[in-house]
Amino acid sequence: APPPFSPQDPFSIFRQILFLAGSILAVHCTATAQVFVAGLGGAAALSGASAISAAAAANYDPKVGSAANVAIGYHFNDWFSAQAGYIWNQNRVVASQLSGSAFSQNESVRVQHAASVDAMVYFRARLSRVRPYLSAGPAIVTVLDQTKPGLRVAVGVDVRLRSGWGVRYSFSEM
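Conventions used here
- Residues numbered from 1 in each chain as written.
- Predicted model: local features only at pLDDT ≥ 70, side-chain atom pairs only at ≥ 80, totals over all residues.
- Heavy atoms only, no water.
- Helix = DSSP H or I, 4+ residues; strand = E, 2+ residues; numbered from the N terminus.
- Areas by Shrake-Rupley, 256 points an atom, 1.4 Å probe, with all protein chains shown as cover.
- Salt bridge = Lys/Arg side-chain N within 4 Å of Asp/Glu carboxyl O.
- Buried < 20%, exposed > 50% of the residue type's maximum accessible area, 1.4 Å probe, protein only.
- Pairing = 2+ DSSP bridges.
- Phe/Tyr/Trp six-rings, centres within 6.5 Å; stacked < 30°, edge-to-face > 60°.
- Lys NZ or Arg CZ within 6 Å of the ring centre and 35° of its normal.
- Patch = residues over 30% accessible without salt bridge, like charges linked within 9 Å, V, L, I, M, F, W, Y side chains within 5 Å.
- Contact = heavy atoms within 4.5 Å.
- pLDDT = per-residue confidence, 0-100.

A word on the overall build of the protein
(1) Moving on: Along the protein, the regular secondary structure elements total 1 helix and 9 strands.
(2) Moving on: When its helices and strands are written in sequence order, the protein yields α-β-β-β-β-β-β-β-β-β.
(3) Moving on: Carbon and sulfur atoms make up 64% of the accessible area of the protein, which totals about 11,000 Å².

Dropping the structure here:
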């Protein structure tokens with residue numbers, strides 16, 4: 001049998017834990033309605049960078065790309081929740097370099113994967129139609145074939161619809 005954690009796929013153990021937690025919480029959901037599941041889609045922007053020296057200059061110019069986020073969480077009470085999630089985003093990147101009189105420009109696509117566990121603080125009770133929140137927690141981020149620990153911080157608002165569904169607007173930084 002393959003090992004539960006593979007260096008080639010650092011998210012394999014997180015996926016297994018998320019699936020197990022989701023299965024347990026899904027069974028518990030029918031009795032308490034404390035569990036929530038979220039799926040989000042949107043835009044992702046990476047930070048650019050430039051470096052200039054006497055002999056050379058380089059520029060890293062990322063473009064806005066697409067993003068997807070899935071999460072499962074648990075409401076402990078009206079004000080505090082926790083969620084575990086997976087975030088994917090893809091951005092087109094233009095890298096330019098000038099060295100002496102030689103100029104080069106390369107365009108590529110960068111994909112980022114992240115898994116996080118967030119503590120959430122809501123600023124209104126669960127029965128409120130509009131619930132702003134702040135969340136933060138540790139993350140594992142993979143970009144450019146490098147996996148590093150990180151911190152995910154998000155602010156957003158959950159809007160409850162009449163049918164029991166909701167809409168979430170979120171802005172996060174990793």
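A closer look at the pattern of salt bridges
(1) Moving on: Enumeration according to the criterion identifies 3 salt bridges in this entry.
(2) Moving on: Among the salt bridges present, the one from aspartate 118 reaches arginine 152, with a minimum N-O distance of 2.4 Å. Of this pair, aspartate 118 sits in strand 6 (residues 102-122) while arginine 152 sits in strand 8 (residues 146-160); the two residues are 34 residues apart in sequence, bridging distant segments of the chain.
(3) Moving on: Residue aspartate 118 is classed as buried on the basis of its relative accessible area of 2%.
(4) Moving on: For arginine 152, a relative accessible area of 3% gives the class buried.

Some thoughts on the pairing of strand 6
(1) Moving on: Relative to strand 6, strand 5 (residues 80-99) runs antiparallel, the two sharing 20 bridges. Residue pairing across strands places arginine 92 opposite valine 109, the latter belonging to strand 6.
(2) Moving on: Hairpin connection of strand 5 to strand 6: 2 residues between the antiparallel strands, including glycine 100 at a positive phi of 65°.
(3) Moving on: With 9 bridges connecting them, strand 6 and strand 7 (residues 130-143) associate as antiparallel partners. When the sheet's bridge partners are listed, serine 116 is paired in strand 7 with alanine 139.

Some words on the packing of aromatic side chains
(1) Moving on: Applying the stated rule across the entire model yields 2 aromatic pairs.
(2) Moving on: Taking the centre distance of 5.2 Å and the plane angle of 70° together, the rings of tyrosine 74 and phenylalanine 76 count as edge-to-face.
(3) Moving on: Both rings, one in tyrosine 122 and one in tyrosine 133, keep their centres 5.7 Å apart while their planes meet at 55°; by these two values the pair is tilted. Taken together, the residues span a long stretch of sequence, with tyrosine 122 in strand 6 and tyrosine 133 in strand 7 at a distance of 11 residues. Neither residue differs from the other here; tyrosine 122 and tyrosine 133 are each classed as buried.
(4) Moving on: Note that arginine 131 overlies the ring of tyrosine 122, its terminal NZ or CZ placed 3.6 Å from the centroid.

Points about a nonpolar patch on the surface
(1) Moving on: Judged by side-chain polarity, Phe76, Trp79, Phe80, Val121, Phe123, Leu134, Leu151, Val153, Val155, Tyr169 and Phe171 come together as a nonpolar surface patch covering roughly 1,100 Å² of accessible area.
(2) Moving on: Within the residue set of the nonpolar patch, elements represented by two or more residues are strand 8 and strand 9 (166-173).
(3) Moving on: Broken down by element, the residue count for the nonpolar patch peaks at 3 residues, all from strand 8.
(4) Moving on: With respect to the element layout, valine 121 can be found in strand 6.
(5) Moving on: The partly exposed category is assigned to valine 121, whose relative accessible area is 31%.

What about the environment of valine 159?
(1) Moving on: Structurally, valine 159 is set in strand 8.
(2) Moving on: When the C-alpha atoms of valine 159 and arginine 129 are compared, they prove to be 5.6 Å apart, with 30 residues separating the residues in sequence.
(3) Moving on: Apart from residues lying up to four places away in sequence, valine 159 is in contact with Arg129, Trp165, Gly166 and Val167.

What to know about the confidence of the model for the protein
(1) Moving on: For the protein, per-residue confidence averages 80 on the pLDDT scale, and residues scoring 70 or more make up 77% of the total.
(2) Moving on: Predicted confidence is poor over residues 1-7, with pLDDT under 50, and the contacts of this stretch with residues over four places away or in other chains come to 7 contacts.
(3) Moving on: Counted against residues more than four places away or in other chains, residues 25-32, with its pLDDT under 50, gives 6 contacts.

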